[in-house]
Amino acid sequence: MLLILVCLGLATAAAWRNRHVCLWLWATEYAVLPPRLEMPVTGLELSDTCSSWHAPRSGGRLHQGADLFAERGTPVVSATRGVVWRVGNDPLGGRVVWVLGEGRSLYYYAHLDDWAPGLRSGQRVHAGDALGDVGNTGNARTTPPHLHFGVYRVRLLRVEAVNPLPILARGREQRPVRRCGG
Ligand SMILES: [Zn+2]
């Protein structure tokens, strides 16, 4: 994987920019998933959610995440312990936060109304720490406010999107997850 090669390289500018990724890949404390993830939208239960995993999206894309609907301004918290990788603005995701988290996975929090005050790249977070608020920024402008929650597992040579709802169901009373809109 390119990032590992960058990390193994000399003290290049690219390695310095990606130092949080390098430390995260190195640290064994982030290798395994905890028995139970924190629900990333405060107050939401698994039974309130529905699955739109791999539903068709514009441009031939498939939906790679879970849309967790809640009122605008509902707090969004980190699902796991980790290191904040990126706090920024994307055309699709709007206001987004990426966290390098447990289970050697990237956690993506998108369409935020706003970020938590002072949140910055390189900051360590615990499960339940504030990342921002639910909104509908980016390509969610025409939809009700929701958190798009993505989980990407880092494999040796690739990064693979995984369905977040079964991961959120671990350690919780199992409830059947409905498909959205039907
Ligand atoms: Zn989504």
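Predicted model, so just to flag it, every value in this text is computed and none were measured. The numbers attached to residues start from 1 for each chain and follow its sequence in the written order. Note on the predicted model: pLDDT of at least 70 is required for a residue's local features to be given, and 80 or more for side-chain atom pairs to be given and counted; whole-chain, interface and lining totals, by contrast, use all residues.

**Student:** Hey, could you run me through the nonpolar core in this one?
**Tutor:** Across soluble globular proteins, you tend to see nonpolar side chains buried next to one another. Membership of the largest hydrophobic core comes to 34 residues, with the highest contact counts inside it found for Val97, Val99 and Tyr109. The helix and strand labels rest on DSSP assignments: H or I over at least four residues marks a helix, E over at least two residues marks a strand, and numbering proceeds from the N terminus. When residues of this core are traced back to their parent elements, those giving at least two are strand S2 (66-69), strand S4 (82-90), strand S5 (94-101), strand S6 (105-115), strand S8 (130-134), strand S9 (146-154) and helix H4 (164-169). Examining the composition of this core, we find that seven residues originate from one element, S6, more than from any other. With sequence-adjacent residues up to four places away left out, Val99 is seen in contact with Ser78, Gly82, Val83, Val84, Trp85, Tyr107 and Val125. For the purposes of this analysis, a nonpolar core is taken to be any set of buried Ala, Val, Leu, Ile, Met, Phe, Trp, Tyr and Cys residues that are connected through C-beta atoms within 7 Å. Counting other C-beta atoms within 10 Å of a residue's own tells you its class, since 20 or more makes it buried, 12 or fewer makes it exposed, and anything in between is partly exposed; those C-beta atoms are placed from the backbone. Remark: residues whose backbone-derived C-beta atoms lie within 7 Å of one another are considered to be in contact.

**Student:** What am I meant to see in the environment of Val177 here?
**Tutor:** Relative to the helices and strands, Val177 is located in the loop between H4 and strand S11 (178-179). In this structure Val177 comes out as partly exposed when scored by C-beta crowding, with 18 C-beta atoms within 10 Å. In this structure the C-alpha to C-alpha distance between Val177 and Leu165, which are 12 residues apart in sequence, comes to 7.9 Å.

**Student:** Please clarify how the environment of Arg153 should be interpreted in this entry.
**Tutor:** With respect to the helices and strands, Arg153 occurs in strand S9. Arg153 sits 52 residues away from Gly101 along the chain, and the two C-alpha atoms are 9.8 Å apart. If near-sequence neighbours (up to four positions away) are discounted, Arg153 is found in contact with Gly103, Arg104, Ser105, Glu160 and Val162.

**Student:** For this particular structure, what's the right way to read the pairing of S8?
**Tutor:** Successive residues of a regular strand alternate their side chains across the two faces of the sheet. Most of S8 sits inside the fold, with four of its five residues counted as buried. The pairing of strand S3 (residues 75-77) with S8 spans three bridges and is classified as antiparallel. When the bridges of S8 are listed, Val76 appears paired with Gly132. For two strands to be treated as a pair, DSSP must find no fewer than two bridges joining them. Where S6 lies against S8, three bridges are found, and the strand directions are antiparallel. If you follow Asp114 over to S8, its bridge partner there is Asp133.

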